[in-house]
Amino acid sequence: MIDDWCQAVLQQDKVLPTGGGTKPALRAAEGVSTVQLDTRSLSGVLAYDPSEFLITAASGTPLSELQAVLGEHQQYLPFDPLFVNEQSTLGGTVASGLSGPRSLLYGTLRDFVMEVEFIDGLGKLVRGGGKVVKNAAGFDFPKLMVGSYGRLGILTEVTLKVLPVPIATRTLFQSCASFSQAIAAAQTLLAQPLPIAAVEIGPDFGLRVEFAGLQASMDKVQHRVQELLSGELERRDAQPLWSEELQVSGDELLVRIAFPPGKSLELAEGLAGLDGSRLVSLAPAGGVAWVKADGLQSLGDMELVLQGLGASAVVVRGHVTELTLLGKTGWVGLASRIQLAIDPHGKFLPFELSAQRNAVNG
Amino acid sequence: MSRDTIVDSLLSILPADRLQNSASALAAFQSDGLTAFAVQPRAIVVPRSAEEVVQTVQWCHRQGVPFVARGSGTSLSGGSLPHADGIVIALNRLNRVLEVDLPNRRAVVEPGVINSVLTSMVAHAGLYYAPDPSSQQVCTIGGNVAFNSGGAHCLKYGMTSNHVLAMKMLLADGELVDVGLGGGECIGPDLLGLMVGSEGLLGIALEITVKLMPRPEKFHTVLAGYDTLQQAGAAVATIIGSGLLPAAIEIMDRLSMQAATAAVGARYPENVEAVLIVELDGSTESVDTERCLLDELLSKSGASEVIVAADAQERATIWKGRKSVFSAVGHLSPDFIVQDGVVPRSQLGFALQRIEAMSREAGIAVANVFHAGDGNLHPLIMFDGRKPGELQNAERLAEKIVQLCIELGGSITGEHGVGMEKRQFLPGMFSEDSLDCMRRTRIACDPKEIANRGKMFPDAEAPALGMYGLHPLEKQGVASRM
Ligand SMILES: Cc1cc2nc3c(=O)[nH]c(=O)nc-3n(C[C@H](O)[C@H](O)[C@H](O)COP(=O)(O)OP(=O)(O)OC[C@H]3O[C@@H](n4cnc5c(N)ncnc54)[C@H](O)[C@@H]3O)c2cc1C
């Protein structure tokens, strides 16, 4: 299979690796003729020794399978992967660079990709990193592949660091009167050395806090959180603020925003002032938010808010004709330079901005 | 270019006092922490501003003159060794903390800021900068970024890469780029991740935004003695497997303990072959609960004696002992080589047995002290360079240990970088196609291959080996290795 893909890279004009299709907007390329390589045909766990805290699997392996295998040994993927129930694949997860709200405890996806194997634009099989939890040899290709959107190589194999599932977690919810109150509460908690696993703020100013550790410490930590946050705290199930909320229908678009620190409030308020966009969840510590837009026409207003804050964004779900980047896109220049090195003949789709973005910008 | 031409040409773009080319200056910069290599550069540029660094690098690019960025020169792999035809860009004067943002727990620093200086600047607000290489009193954050440096506490908190949020990166062709947004996540490929740990081969980190963390409220630090190294290794697996994530888990062998006792009077359990240092940290609530579990695990693991640090003073003594080992061993033996290989955790016991056998076979003493939690070995190979053949024998043993790490599926370096020293071993880890892709990536940022030319990639020319020994800073007792 890998040989076939290497051949495809050599022989075809443009190739596009695909996974479970849970983030279709990242691979949109209308009007470009591409040969799609369905990585799901390369699937399965290749190595897993629970005592090493490492799991190696083919890129097309569904994350649900990975989680099931890890679960048997009380281990998990600490970056809190998304769309697992919808059959997202390992390769697609790495290439989309998305982590979930619970990544606050141990780190986001980038902190857990230890080794990658991919086919570069010359049709060669390339490896970076190593099957150990600590490694400083060679360029950090494992990190480079995080968020590469299928444009820097066709991932064939990935080794992830995994960790024991926290023995206990607890979720608390506080209704706040405004974004500024919710964000201030979040800041208060984050300034303490507490074992916080997630802090998210929802569109109605609800603050969800999850912490983790040993069972016996849960009540004590809850007590401490209660002391720090005046106001009533409600105990909840360990669900993210959204569960169905990341689904889109009709023309709706799901947008992932990454913003600089200290801009939580401006972003939340800026978005609240827009007609065609709605905040789903905002994680002040990670500097990320999920937002839904009514359609392409709503992106223009959002673009203005993002530009003003120095934030970057990408459309992850919904109908777009090509990779749709918003806000600060200064990174595209360097990414394209690196792409030219890895893929000198342009076999993968470009990162570059295009007609659609210009349309968005009016 | 001749020295004179280089100096004349640089004088046309920089004030005269930014240039050093006296014999003593050139000699002072000829080596880094790996004193086996010595090369004098054509000149040393000491910029006072980011703008001057940009000017200098653009000049290098135009002229095709190689440059080596340098922080404090504590690299243990020859990373900051000068290039004979090039210049050194010494970044120590760029040592301003540009911004401290307490509410958002981050700081923006110039590359020459000393690691521990940042922590002392924010300590009043209950914050600290987590990466703690034991050279932290002297090494720069720029150097840490280039090598993705670690420390004893990277088991829980990760390496430098996990703490850098954004950078202004001056690529080797003179273009200044922003990587990372400063919040932790980004859109598109993780270019920041690629830059950190690139060993100065892509350009110079000119402005670095780092994460600050709330200082743990409580520590629980223990020393546990074992009859064999293997038992200590097994205890590591038990602790990690229990779901506890200690801040640090370190192992010292008998020889290391002896050295630490001689040097700083550290006390260890009696008659044991190995000692485990485990530290829990965090909120009072978490540490109080976790220590009960740890106590239980240690008593089941066959520890012959467990010593708990009763207060901050005793904790400091434990760490002082641990951090002093290498320089202490350096006092016992005139010369030594420190290796930095990584093995899969499950192979730790086997690797230690093999190293012991190889050491016996070669008749060379090796002390072991290592970051057990993540399988990062630091075997310390002792020899006397004045005796003919000893350096070569020690080198051969070092090479065998590196090969062993590769054979066991590990890595040739966990935190010291490939640099000059381990270039020839890189093909043991990566295929020619992989190295070629890395080379193309380098050329994308540095078309003339002037940034740290000759490092990391295996095929570059190597200067002859000289003598190993204590780093000048260690001789002064300013720093120690781990
Ligand atoms: C006593 C001692 C103890 C040590 N302990 C540890 C330890 O515990 N953990 C650990 O990981 N390492 C350790 N080291 C190794 C060393 O301290 C680290 O590698 C450190 O990060 C180097 O920092 P420096 O400022 O001395 O960098 P230098 O040695 O000056 O440079 C290191 C590399 O970085 C490049 N560089 C420097 N500045 C920049 C910049 N701004 N942009 C791009 N490239 C740059 C240089 O070209 C060189 O390749 C130790 C060394 C000694 C001597």
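Residues numbered from 1 in each chain as written. Chains lettered and ligands numbered in written order. Predicted model: local features only at pLDDT ≥ 70, side-chain atom pairs only at ≥ 80, totals over all residues.

### Remarks on the overall build of chain A
Heads up, the rule is: Put simply, DSSP H or I for four residues or longer makes a helix, DSSP E for two residues or longer makes a strand, and each gets a number counted from the N terminus. Using C-alpha atoms as the atom set, the radius of gyration is obtained and then compared with a globule rule of 2.2 Å times the number of residues to the power 0.38. Whether two residues are in contact depends on their C-beta atoms, placed from the backbone: they are in contact if these lie within 7 Å.
Scanning chain A from N- to C-terminus turns up 10 helices and 18 strands. Its C-alpha radius of gyration of 21 Å places chain A within 12% of the 21 Å reference for a compact globule of 362 residues. Counting only C-alpha atoms, chain A reaches 65 × 55 × 35 Å along its principal axes. When contacts within chain A are restricted to residue pairs at least 6 apart in sequence, long-range pairs at least 24 apart make up 66% of them.

### Section: the site of the ligand
All names here are of chain B. Note the threshold: For each residue, a C-beta position is placed from the backbone atoms; the residue is near a molecule or strand when that point lies within 6 Å of it. Only Asp, Glu, Lys and Arg are considered charged, only Ala, Val, Leu, Ile, Met, Phe, Trp, Tyr, Cys and Pro nonpolar, and every remaining residue, Gly among them, polar.
The ligand sits among 41 residues. The nearest are Gly71, Gly79, Gly142, Gly143 and Ala146. Contributing elements (two or more residues each) for the shell around the ligand: strand E3 (67-70), helix H5 (141-147) and strand E10 (203-211). Counting residues per element, the shell around the ligand draws most heavily on H5, which supplies 5 residues. Looking at the shell around the ligand residue by residue, the classes come out as 13 nonpolar, 22 polar and 6 charged.

### Details of helix H7 (residues 264-272) of chain A
Filter applied, for reference: Around each residue's C-beta, the other C-beta atoms within 10 Å are counted; 20 or more make the residue buried, 12 or fewer make it exposed, and counts in between make it partly exposed. All C-beta atoms are placed from the backbone. To obtain the arc, one takes the directions from the helix axis to the C-beta atoms.
Residues Ser264, Leu267, Ala268, Gly270 and Leu271 of chain A constitute the buried set of H7 of chain A. Buried residues along H7 of chain A cover an arc of 165° about the axis, so they all sit on one side.

### Brief notes about the interface of chain B and chain A
Counting from both sides, the interface comprises 69 residues of chain B and, opposite them, 69 residues of chain A. If you list the elements that add at least two residues to the side of chain B that touches chain A, you get strand E9 (176-179), helix H7 (191-195), helix H8 (229-241), helix H10 (284-300), helix H14 (426-429) and helix H15 (432-445) of chain B. At 8 residues, H15 of chain B tops the list of elements feeding residues into the side of chain B that touches chain A. Residue composition of the side of chain B that touches chain A, by class: 25 nonpolar, 30 polar and 14 charged.

### Comments concerning the sheet that holds strand E6 (residues 106-109) of chain B
Residue and element names in this part refer to chain B. Which entries qualify depends on this criterion: Here, a strand pair is defined by DSSP locating no fewer than two bridges between the strands. In this analysis, axes come from line fits to C-alpha atoms, helices being fitted only over the stretch in contact, and the angle between any two N-to-C directions falls in the range 0 to 180 degrees.
Judged by pairing direction, the sheet is antiparallel, and its 5 strands sit side by side in the order E5-E6-E10-E8-E9 without closing on themselves. Edge strands, defined here as strands with exactly one partner in the open sheet, are strand E5 (97-101) and E9. Sheet twist, expressed as the average angle between the axes of neighbouring strands with direction ignored, equals 15°. Pairing between E5 and E6: 4 bridges, direction antiparallel. The residue of E6 that forms the bridge with Val97 is Val109. Those strands touched by helix H3 (residues 50-63) are strand E8 (164-171), E9 and E10, and its axis lies near 150° from that of E10.

### Quick look at the domain arrangement of chain A
Many descriptions give the size of an interface as the accessible area lost when the pieces come together. All names here are of chain A. We count it as follows: Boundary definitions for the domains trace back to an automatic or database domain assignment.
Domain annotation of chain A identifies domain 1 (2-164), domain 2 (168-236) and domain 3 (244-318). Relative to domain 3, the C-alpha centre of domain 2 lies at a distance of 23 Å. Contact residues are listed per partner, giving 10 residues for domain 2 and 12 residues for domain 3. Those elements that place two or more of their residues in the side of domain 2 that touches domain 3 are helix H5 (179-190) and strand E11 (196-201). Among the elements that line the side of domain 2 that touches domain 3, the one with the most residues is H5, at 5 residues. A per-class count over the side of domain 2 that touches domain 3 returns 7 nonpolar, 2 polar and 1 charged.

### Comments concerning the pairing of strand E13 (residues 248-253) of chain B
Residue and element names in this part refer to chain B. Of all 6 residues that make up E13, 6 are buried, and the element is covered over most of its length. Of the two faces of E13, the one lined by Ala248, Glu250 and Met252 and the one lined by Ile249, Ile251 and Asp253 are each fully buried. As judged from the 6 bridges shared by E13 and strand E14 (residues 274-282), these two strands associate in the antiparallel manner. Directly across from Ala248, in E14, lies its bridge partner Glu279. Relative to strand E17 (residues 366-370), E13 runs antiparallel, the two sharing 2 bridges. Its bridge partner lying in E17, Ile251 is registered against Phe370.

### Thoughts on the environment of Ala224 of chain B
Residues and elements named next belong to chain B. Here Ala224 shows up in strand E12 (residues 218-226). On the basis of neighbour count, Ala224 is assigned to the buried category, with 28 C-beta atoms found within 10 Å. For the pair Ala224 and Cys292, spaced 68 residues apart in sequence, the C-alpha to C-alpha distance is 15 Å. When near neighbours in sequence (up to four residues on either side) are disregarded, Ala224 contacts Ala235, Val275, Leu276, Val278, Leu298, Ala303 and Val306.

### Describing the domain arrangement of chain B
All names here are of chain B. For chain B, the assigned domains read domain 1 (97-214) and domain 2 (218-407). Here domain 1 and domain 2 have C-alpha centroids that lie 28 Å from each other. Class assignment for the residues of the side of domain 1 that touches domain 2 results in 2 nonpolar, 2 polar and 1 charged.

### Some thoughts on the pairing of strand E16 (residues 335-338) of chain B
Residues and elements named next belong to chain B. Side-chain alternation along E16 places Asp335 and Ile337 on one buried face and Phe336 and Val338 on a second face that is also buried. Bridge count for E16 against strand E18 (residues 379-383) is 4 bridges, and the pairing is antiparallel. Bridging from a neighbouring strand, Ile337 pairs with Ile381 of E18.

### Points about helix H9 (residues 254-264) of chain B
Since the α-helix packs 3.6 residues into each turn, any two residues three or four apart lie on the same face. All names here are of chain B. All of the buried residues in H9 are Ser256, Met257, Ala259, Ala260 and Ala263. For H9, the buried positions fall inside an angular range of 160° around the axis, keeping them on one side. Among the structural elements, E13, E14, helix H11 (312-332) and E17 are those in contact with the buried residues of H9. At the exit of H9 stands Gly265, carrying a positive phi of roughly 70°.

### Here's the deal with the sheet that holds strand E2 (residues 43-45) of chain B
Residue and element names in this part refer to chain B. Spatially, the 4 strands line up as an open sheet ordered E1-E2-E4-E3, and their pairing is mixed. For this open sheet the edge positions go to strand E1 (19-20) and E3, each flanked by a neighbour on one side alone. Pairing between E3 and strand E4 (residues 87-90): 4 bridges, direction parallel. Looking across to E4, one finds that Arg70 is bridged to Ala90.

### Topic: the nonpolar core
Basically, it comes down to this: Nonpolar cores are built from buried Ala, Val, Leu, Ile, Met, Phe, Trp, Tyr and Cys residues. These are joined into a set through C-beta atoms within 7 Å.
One finds Met145 of chain A together with Leu276 of chain B to be the most contacted residues of the largest nonpolar core, which totals 262 residues. A per-element tally of this core places helix H13 (residues 390-407) of chain B first, with 8 residues. Once you skip the residues sitting within four places of it in the chain, Leu276 of chain B turns out to touch Ala224, Tyr226, Ala232, Ala235, Val236, Ile249 and Ile251 of chain B.

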